[in-house]
Every structure is written in structure tokens, then in C-alpha cells.
Protein chains: 2
Amino acid sequence: MNKLLYAIGIGPGGREGITIAAEEAMQSCDTIVGYSVYIDLVKDRLPGKKFISTPMTKETDRCRLALEEANGGHATAMICSGDAGVYGMASLLYQMRDAYPEVEIRVIPGVTAALSGAALLGSPLSCDFCAISLSDYLTPADVIEKRLKAAGEGDFCIVLYNPGSRKRKGYLAKACDILLAYRDPGTICGIVRNIGREGEEAMVLSLEQLRSTEPDMFTTVFIGNSTTLEIAGRMVTPRGYQL
Amino acid sequence: MNKLLYAIGIGPGGREGITIAAEEAMQSCDTIVGYSVYIDLVKDRLPGKKFISTPMTKETDRCRLALEEANGGHATAMICSGDAGVYGMASLLYQMRDAYPEVEIRVIPGVTAALSGAALLGSPLSCDFCAISLSDYLTPADVIEKRLKAAGEGDFCIVLYNPGSRKRKGYLAKACDILLAYRDPGTICGIVRNIGREGEEAMVLSLEQLRSTEPDMFTTVFIGNSTTLEIAGRMVTPRGYQL
């Protein structure tokens, strides 16, 4: 029998945002591993489980603990917010898997912030889109800049993950400056905070207004393409149907 | 009281791939509207509902029927495969909403094929990525070409929706030719078919091999960036952690 390690996306956080498959996989496990904030979101509905959490920036430790737990014969779930495959732990688990050849990794997808945030704003990603993280912790700043330029060039709708934090101020303004070379200052944009949690908010604004906004680490940012509209206070990118 | 129209993403198709919120919203409605194939996927678990379906290419009719049903005081769900906001009906509902000012549209997000397909392949979208539809039914061919070039330029991981159909042969080969100007022929790619349904399959292959593949309308295609690896038969894009 295989030693199972699930990489599970729990969606925005509340029970209602998880898929039935992800909930069932989590319930079927002996051990739940995750960043402490996410463990707190699911702990109450998982009585009798063993929980292992590590702080942020300890991702390789967290993955090693999960792989060791699974290798020890305990069905294990590594939980991630959103989707485990989108800026989550799934790829790192695969990269570290060599030392644990008997462990089988199964990714159970979840609703990433691009989708949950979009739903709150209206329908901003209904045409071709890019997801870009503004964090230069893992990706060099010049690569991020190259991608922002390419996204501008391609007239993609854009969703920005990790647009800022206490330590990374001014990153969003810089990204907006890059995009303002390709897009009108009036381009329809959106900001979402605390998706699916207390203090949830969504706001539609222009690219120019977005430029002077300082996001925190609970913010996801959406930048429209050249066709994106504001309809009844919502951010909507048409697909191109003739009305 | 508002007249409610939900735009619901049901995920890949099976009950296990839907979120709890989406399932509950669907169950709470009087009327379920959708493309006939998706109605068939949910019908059995929604006894006592009124179902309205229209064939493919009748999207504006379908949205009008949903808006009229909601406007008539029946809580209504427009269901879409994957996510209603990603190549789904949510934006069209918003665009057609003007004639029904009392109707409130609420989007309930779901697991789009980018995420469900990625989970089957491993973790291909773990770094910045683009979603591009190869269908030129709603987007002009030169815009699609521009976006493929930009995605190549930005070294994005790419997920291709609608890579081909009986009527659109050769579109994937053309897209691969564009990307081969930016990427090595050995770039790790993936193909997924019939996600979450009978006949589900996932295959990892090179960009060169992908070029000579003819996809059908149930296929989703993934193209790695310059760092994407094949690990134990899976497609994995590292995030950049030091191991």
C-alpha cells in the first residue's frame, strides 16, 4: 500500500469555500500539517487529528515534517490556503520527495485567491489572464518586472498575489508604474482583502487610484485589460459576445 | 428582498469537485440554468428543481433565460463548469443585467480547469502563470497570437483552454510554434483530458511532442516555464526555494 501525502487547497479559509473532495481527504488523514494560521482555520472541525504547524518562511521544514509523517505510515495532509499548486506547497513537496520514494503525493485542488477574489469583485478574469506574485523573496525582482511588462504587452487581465507587506512597501506602486506604460490610468482595477474571513472587503478603483494604495499581506489585487468595465459597482471583463 | 441569481462554478463535474458553498447555493435555488452537458452532471442530486438548458453557442439566450427566471422571483443558479468567472457566464450575466435592475448577481467560485488539471499533472502552475484560450470564436486570432508571444516573453507557465476541437484543428501546433521561438523544444508540458470524468487522463511530454498532438474539446494543455521539471513522471514548476 502506498504511503499517502495529500497537498490540499482549503480555499479562502471558511468551511464553505473548500471542495467536498478536499474536506473528505482532510478528514481521512491522521496528521494535518500547515502554516499555523491555516491550521487554526480547520482545527475545530478535525477532532482527534495530530496537528503539526510551522511559522511562515519555514516552508522546507514544514514539507520535510509532512513527508516524514507520511513516510512513517500516517496518512497526512499538507494544507495550504487557496490551491496547493498556486504559490503553495505542492511543488516543494515534489522537489523534496526523492528521499521518500514510498510516499505518493496527491494534490487536491482548491479555490485560489484569483478565483475567490474575482467572485467578490464581479467577473474580472473572464478573458485571458496572468497571475503574478510581487514577492521577491523567491523570484528575482528583474523577473517580476519582465513579467509585468509582458502582461502589459499582452493586454492580459492581471491578478497580483503578495502585492505588499510591512516589509515590502511601494511594490504595488512600482508595478502600477510599469503597467501605466501600456494601460490607461482609468483602467478598471479591484482590490480584495480578507477573502472569506472577518473584515472581507472588495473595492473597484482606477489604475491611477490603485497606484496610491498600500496593500497588506491579506490583499489581492486585480488589474483589468483594455476592455474591462465597471458595471453597477462591479469589475467585469467581457468575453466578447455580441449583445 | 433581492431577486437572486447565482453564477456557480461546479468544478470539473463530479460532486466531489464542487465547493460546499456552491453545492449549498445550488440546493437553495428553485431553478437551475446551464449548458445541457453540465445540467446532466448535477440533475440527479437536485430533485424537485426546474431545469433550463440551452445548447452550446446559445450563451446570450441562456443568460437571458436565467435573468428572466430570477426576475420572476425564482432563486436561480446559472451553473458553469470550472469557475463561472473564468471563460464562464458570469461576465455576460453582468453585461445583460441592465434590463433587470432588481436582480442581484452573486458569483460562487469553483475549481477551474487550470487548477483541477494542474493537480492531476503534479504542480505545473506553482510560479507566475497565464491562462489563454485558443478559441478565436470570441477573441480575434491576432490578439491570441499577441498574448502567446507575451507569455513566451515573460517566461510564464501557461495553461491553454480550448486548445482545439473538430472545427479548430492545428491551433495547438501553431501556438507551440509561436512559443518555440522563446522556449526550448524539451520544455516540460502536460496534457489533461476529461478532468474529473470518465476517461480522465494526464500525460507529461515535451513542447516538441506537444506540437504534434491534436487535442479535442475536453483537453486542457499546460506548458512549463524555463524552470519546469519532470519529477517522477509529474510536471512540477519550482517556486525557487533553496533545497
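Reading the values: the criteria
Every chain's residues receive numbers from 1 upward, in the order its sequence appears when written. Here chains are named by letter from A upward and ligands by number from 1 upward, in the order in which they appear as written. Restriction of local features to residues with pLDDT of at least 70 applies here, the model being predicted, together with a cutoff of 80 or more for giving and counting side-chain atom pairs; totals for whole chains, interfaces and linings are based on all residues. As a rule here, side-chain values come from all non-hydrogen atoms in the structure, and water together with hydrogens is ignored. Excluding any residue in a salt bridge, patches collect residues exceeding 30% relative accessible area, merging like charges within 9 Å and nonpolar Val, Leu, Ile, Met, Phe, Trp and Tyr side chains within 5 Å. Methods summary: accessible areas were calculated by the Shrake-Rupley approach with a probe of 1.4 Å, and residue burial reflects only the protein chains presented. For this document, the term salt bridge refers to a Lys or Arg side-chain nitrogen within 4 Å of an Asp or Glu carboxyl oxygen. Runs of E in the DSSP output that reach at least two residues are strands. Runs of H or I that reach at least four are helices, and both are numbered from the N terminus. The classification of residues rests on relative accessible area computed with a 1.4 Å probe and restricted to protein chains. Under 20% of the type maximum is buried, over 50% is exposed, and intermediate values are partly exposed. Here the rule is simple: two strands pair whenever DSSP picks up at least two bridges between them. Two residues qualify as a contact provided that any one of their heavy atoms is within 4.5 Å of a heavy atom in the partner residue. Here's the idea: put two parts together, see how much 1.4 Å probe accessible area each one loses, and the total over both is what we call buried area. Take the buried Ala, Val, Leu, Ile, Met, Phe, Trp, Tyr and Cys residues and link them wherever side-chain atoms come within 4.5 Å; each set so joined is a nonpolar core. Crossovers are marked right-handed if the path from the first strand over the helix to the second runs clockwise, as seen with the strands pointing away from the viewer.

Chemist: Please give an account of a nonpolar patch on the surface that cites residues and values.
Modeler: Residues and elements named next belong to chain A. Side chains of Met56, Met217 and Phe218 sit close together on the surface and give an oily, nonpolar patch of about 280 Å² of accessible area. Looking at the element boundaries, methionine 217 is found in the loop between α8 (207-211) and β11 (219-223). We classify methionine 217 as partly exposed; its relative accessible area is 42%.

Chemist: Residue-level account of the sheet that holds strand β12 (residues 229-231) of chain A, with values.
Modeler: Residues and elements named next belong to chain A. Taken in spatial order, the three strands make up an open sheet running β6-β13-β12, and their pairing is mixed. Edge positions in the sheet fall to β6 (122-123) and β12, since each has one partner strand and no second. Pairing analysis gives three bridges linking β12 to strand β13 (residues 234-236), with the strands arranged antiparallel. Across the sheet, the residue bridging to glutamate 230 is methionine 235, located in β13.

Chemist: Got a sec to walk through the interface of chain A and chain B? Specific residues and values, please.
Modeler: The interface of chain A with chain B comprises 64 residues on the first partner and 64 residues on the second. Summed over both partners, the interface of chain A with chain B buries about 5800 Å², with 63% contributed by carbon and sulfur atoms. When the buried surface of chain A facing chain B is broken down by residue, A:Arg147, A:Arg239 and A:Tyr241 rank first, second and third, together holding 13% of it. Put simply, chain A and chain B have four salt bridges between them. Notably, a salt bridge pairs A:Arg147 with B:Asp155, separated by 3.9 Å at the nearest N-O pair.

Chemist: Summarise the nonpolar core; cite the residues concerned and give the values.
Modeler: In this structure, A:Leu210 and B:Leu210 are the most contacted members of the largest nonpolar core, which totals 44 residues. Core analysis: the second largest hydrophobic core is formed by 40 residues, A:Phe129, A:Ala131, A:Ile195 and B:Ala114 among them.

Chemist: Give me the pairing of strand β3 (residues 50-54) of chain A: which residues, what numbers.
Modeler: Residues and elements named next belong to chain A. Two elements, strand β2 (residues 31-35) and β3, share five bridges in a ladder whose sense is parallel. Bridged to threonine 31 within β3 is lysine 50. Handedness of the crossover joining β2 and β3 through helix α2 (residues 36-42) is recorded here as right-handed.

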